[in-house]
Amino acid sequence: MPSRELPERSEIVIIGGGIIGVTLAHELAKRGEEVTVIEKRFIGSGSTFRCGTGIRQQFSDEANVQVMKRSVELWKRYSEEYGFSFEQTGYLFLLYDDDEVEEFKRNIEIQNRFGVPTRLITPEEAKEIVPLLDISEVVAASWNPTDGKADPFHATSAFAINAERLGAKLVEYTEVKDFVTENGEIRGLKTNRGTIKTGIVVNATNAWAKLTNAMAGIRVNIPIEPYKHQAVITQPIRKGAIKPMVISFKYGHAYLTQTAHGGVVGGVGYELGPTYDLNPTYEFMREVSRYFTRIIPALRELLILRTWAGYYAKTPDSNPAIGKIEELSDYYIAAGFSGHGFMMAPAVAEMVADLITKGRTDLPVEWYDPYRFERGELRGKALQMG
Ligand SMILES: Cc1cc2nc3c(=O)[nH]c(=O)nc-3n(C[C@H](O)[C@H](O)[C@H](O)COP(=O)(O)OP(=O)(O)OC[C@H]3O[C@@H](n4cnc5c(N)ncnc54)[C@H](O)[C@@H]3O)c2cc1C
């Protein structure tokens, strides 16, 4: 694994070695750019290795649907090229009343317009997909078979190894402590292991993004706060029992699926914060058990093996801040993914690499404009969940 010496200089430096920083380094290296990632702990040690594996295109606005459609194309391409697991086993949203059905019909219309083949299905069809479901209260379901899941450890490691193969440098156990600037331009970064000269910096520190912006002396208000979200894994069950990601807003904003190893993994909407604390709580165990067993009663028989916690780096409209910050040249941010940053990473990498190398991108990056908070132009809240 990567743990090189800090280079004396690098054309581009990405702060943060999570899935966002690593896929961006990979994309830039692929384009022949000289790029270094600086990670204070080890690659993937932030939210990335704690995430729920989910990758979906079922969003409620045009920008996120388009970006996630592109992201899924890239997940497919790179999982095949680099040999990590990405399974298109679908996302199944269980719906319980007319209001939910109307809302999802509108979402499906937007998704279909951009070629995402989501459709409304009957409770019986949902049960064919996941026979263990309790459908007694379900009135319909939103089903897209091209959504899926990937193992965050394998995926992040594969992008990291291939970023290095393409010439990127990944420096672990190195913390950025300050910016060196001159007349509004970046000259370098100070770390606990010395200074690196650079002119272009990307803030990919997600839950720590506000601290990184403060270090850079950025005045524009980009509100990103760390919230504690927890996840659970059960003992393994028969392989293939729960293929898609199953979602229920009614029952605690729950999401659950089965890992390749056979355990049931997932979480609920239960949120604590803002906080940097990561201790799992008993209340979460109780909530997750209550809601999961309403969705799939057979889960009552299962033992919970482990719970853990990670950060959702949340913004007021649950959409990330992605773009160039004009007051410091050349400073970019890609942070605040509000619980769905793993799935977005390959497309975000493409957008940010486009901005750095071409000054523009064909993907709708304006939706994630970092200045929208200051202007009071919040977006429709992006569906916040795995
Ligand atoms: C329980 C849970 C379930 C989730 N489920 C899903 C899901 O199903 N699907 C999905 O898409 N997303 C999910 N997410 C969200 C997803 O994990 C994140 O959006 C994603 O991992 C963000 O990646 P990142 O690279 O931006 O951040 P991180 O992985 O947090 O990386 C940021 C890195 O920056 C480093 N860093 C910070 N400050 C500095 C500094 N000063 N110097 C050097 N390095 C620094 C940190 O050490 C960290 O490694 C979930 C999250 C949680 C907690």
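Numbers given to residues run from 1 along each chain, matching the order in which its sequence is written. Totals for whole chains, interfaces and linings use every residue, but because this is a predicted model, local features are given only for residues with pLDDT of at least 70 and side-chain atom pairs only at 80 or more, for both listing and counting. Remark: hydrogens and water are excluded; side-chain values derive from all non-hydrogen atoms of the structure.

A. View of the site of the ligand. Residues in contact with the ligand amount to 39 residues; listed here are only the nearest, E39, T48, G52, G341 and M343. Nitrogen and oxygen atoms within 3.5 Å of one another constitute a polar contact, given that in protein one can donate a hydrogen and the other can accept it, and given that sequence-neighbouring residues count only through two side-chain atoms. Between the ligand and the protein, one listed contact pairs an oxygen atom with a backbone N or O atom of I20 at 3.1 Å. G52 places a main-chain nitrogen or oxygen 2.8 Å from a nitrogen atom of the ligand. Secondary structure elements are taken from DSSP: a helix is a run of H or I of four residues or more, a strand is a run of E of two residues or more, and numbering for both begins at the N terminus. Of all elements in the fold, only helix 1 (19–30), strand 14 (225–234), strand 19 (304–314) and helix 8 (341–358) reach the threshold of two or more residues within the shell around the ligand. Residues are grouped as follows: Ala, Val, Leu, Ile, Met, Phe, Trp, Tyr, Cys and Pro are nonpolar; Asp, Glu, Lys and Arg are charged; all remaining types, including Gly, are polar. Along the lines of polarity and charge, the residues of the shell around the ligand split into 16 nonpolar, 19 polar and four charged. Those domain boundaries reflect an automatic or database domain assignment. Taken domain by domain, the shell around the ligand gets at least three of its residues from each of domain 1 (1–88 + 147–224 + 317–385) and domain 2 (89–146 + 225–314). We call a residue near a molecule or strand as soon as one heavy atom of that residue lies within 4 Å of the molecule or strand.

B. Representation of the nonpolar core within the structure. Of all hydrophobic cores here, the largest spans 68 residues; its most connected members are I14, I55, W75 and V348. Examining the composition of this core, we find that twelve residues originate from one element, helix 8, more than from any other. A domain-level breakdown of this core finds at least three residues from each of domain 1 (1–88 + 147–224 + 317–385) and domain 2 (89–146 + 225–314). Excluding anything up to four places from it in sequence, W75 contacts I19, I55, F84, F86, A150, A155, F159, F342, M343 and P346. The nonpolar core is taken to be a set of buried Ala, Val, Leu, Ile, Met, Phe, Trp, Tyr and Cys residues, with the residues joined through side-chain atoms within 4.5 Å. For every residue, the accessible area obtained with a 1.4 Å probe (protein chains only) is divided by the maximum for its type, and the residue is called buried under 20%, exposed over 50%, and partly exposed between those limits. By size, the runner-up hydrophobic cluster in this structure holds 29 residues, among which are I121, L133, I135 and F292. Here, two residues are considered to be in contact whenever any of their heavy atoms come within 4.5 Å of each other.

C. How the structure looks around the sheet that holds strand 10 (residues 176–182). In short, DSSP must find at least two bridges between two strands for them to pair. Pairing is antiparallel in the open sheet, where three strands are placed in the order 10-11-12. Because the sheet does not close on itself, it has two edges, and the strands there are strand 10 and strand 12 (194–197). Within this sheet the neighbouring strands show an average axis-to-axis angle of 25°, counted without direction. Pairing of strand 11 (residues 185–191) with strand 12, which is carried by four bridges, proceeds in the antiparallel orientation. Paired with T191 across the strands is G194, a residue of strand 12. For every element, the axis is a line fit to its C-alpha atoms; helices are fit only across the contacting stretch, and the angle between N-to-C directions ranges from 0 to 180 degrees.

D. Region of interest: the pattern of salt bridges. Salt bridge, as applied in this entry: a Lys or Arg side-chain nitrogen positioned within 4 Å of an Asp or Glu carboxyl oxygen. For the structure on display, the rule yields 24 salt bridges. Across the salt bridge formed by K177 and E175, the nearest N and O atoms sit 3.8 Å from each other. Exposure remark for E175: the relative accessible area of 30% places this residue in the partly exposed category. Here the salt bridges share partners, and the residues they tie into one network are E27, R31, D354 and K358.

E. Structural context of the sheet that holds strand 13 (residues 200–203). Taken in spatial order, the six strands make up an open sheet running 9-2-1-13-21-20, and their pairing is mixed. Edge positions in the sheet fall to strand 9 (169–171) and strand 20 (321–325), since each of these pairs with one other strand and no more. Adjacent strand axes in the sheet meet at a mean angle of 15°, parallel and antiparallel pairs treated alike. One ladder, built from three bridges, connects strand 2 (residues 35–38) with strand 9; its direction is parallel.

F. Geometry of the pairing of strand 1 (residues 12–15). In strand 1, alternate side chains face the same way, and those of I12 and I14 on one face and V13 and I15 on the other are all buried. Strand direction decides the pairing type here: strand 1 and strand 2, joined by four bridges, are parallel. Across the sheet, I15 pairs through a bridge with I38, a residue of strand 2. Summarising the sheet, strand 1 and strand 13 pair through four bridges and their orientation is parallel. Its bridge partner lying in strand 13, V13 is registered against V201.

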